[in-house]
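# Working through the structure, step by step
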Amino acid sequence: LNYAYALEQLETACYMTAVEKMYSGARGDERQVLMDLHDHELIHREFFKAALGASAIPQLDFNFSSVDFNNRQEVLNTARFLEDTG
């Protein structure tokens, strides 16, 4: 369960970063989809945190410096990779 919790932390953090550093020219619907993905992963993250209780690993920090959030295709490829991994 902690592995799944870690993945949910990763997805939540990545989607929030994507929204915060949204690539130029992003349409409103693209922004909304990424925010919806973030919110969905946040629910999953909080579920695992509650289910694990005192056994939960701590909140993790992630380094997304290798992701160019100004590049639409890279953001979408990263999202696909995360979802396939999860």
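Because the structure is predicted, anything quoted here is derived from the model rather than measured.

### Looking at the packing of aromatic side chains
With the rule as written, the count across this model stands at three aromatic pairs. Judged by centre distance (5.5 Å) and plane angle (75 degrees), the ring pair of Phe47 and Phe48 falls under edge-to-face. Between Phe64 and Phe69, the ring centres sit 6.2 Å apart and the planes meet at 85 degrees, which makes this aromatic pair edge-to-face. Grouping residues by exposure puts Phe64 and Phe69 together as buried.

### Observations concerning the packing of helix α1 (residues 2–20) against helix α2 (residues 28–52)
Helix packing for two helices is described by the angle between their axes and how far apart those axes are. Running from N to C, α1 and α2 point in directions that differ by 155 degrees, and their axes come no closer than 8 Å. Here α1 is positioned roughly antiparallel relative to α2, judged by the angle of their axes. Of the two possible hands of crossing, α1 and α2 adopt the one that is left-handed. Packed against α1, whose contacting residues are Asn2, Ala4, Tyr5, Glu8, Gln9, Glu11, Thr12, Tyr15, Met16, Ala18 and Val19, the element α2 presents Arg31, Leu34, Met35, Leu37, His38, Glu41, Leu42, His44, Arg45, Phe48, Lys49 and Leu52 at the interface. Grouping the constituent residues of the contact of α1 with α2 by class yields 12 nonpolar, five polar and six charged.

### Description of the pattern of salt bridges
Taken as a whole and assessed by the stated rule, the structure comprises four salt bridges. Asp29 is paired through a salt bridge with Arg27; the nearest N and O atoms lie 2.9 Å apart. Arg27 gets classed as partly exposed once you look at its relative accessible area, which sits at 46%. In this structure, Arg72 engages Glu30 in a salt bridge whose closest nitrogen and oxygen atoms are separated by 2.4 Å. Here the residue Arg72 occupies a position in helix α3 (residues 72–85), and Glu30 occupies one in helix α2, the gap between them amounting to 42 residues. A relative accessible area of 38% means that Arg72 is categorised as partly exposed. In the salt-bridge network here, residues are joined through shared partners; they are Arg27, Asp29, Glu30 and Arg72.

Cut-offs and rules
- Residues numbered from 1 in each chain as written.
- Predicted model: local features only at pLDDT ≥ 70, side-chain atom pairs only at ≥ 80, totals over all residues.
- Heavy atoms only, no water.
- Phe/Tyr/Trp six-rings, centres within 6.5 Å; stacked < 30°, edge-to-face > 60°.
- Buried < 20%, exposed > 50% of the residue type's maximum accessible area, 1.4 Å probe, protein only.
- Axes fitted to C-alpha atoms, helices over the stretch in contact; angles between N-to-C directions.
- Helix = DSSP H or I, 4+ residues; strand = E, 2+ residues; numbered from the N terminus.
- Parallel < 35°, antiparallel > 145°, perpendicular 65-115°, else oblique.
- Left-handed = near helix turned anticlockwise from the far one by under 90°.
- Contact = heavy atoms within 4.5 Å.
- Nonpolar A, V, L, I, M, F, W, Y, C, P; charged D, E, K, R; others polar.
- Salt bridge = Lys/Arg side-chain N within 4 Å of Asp/Glu carboxyl O.

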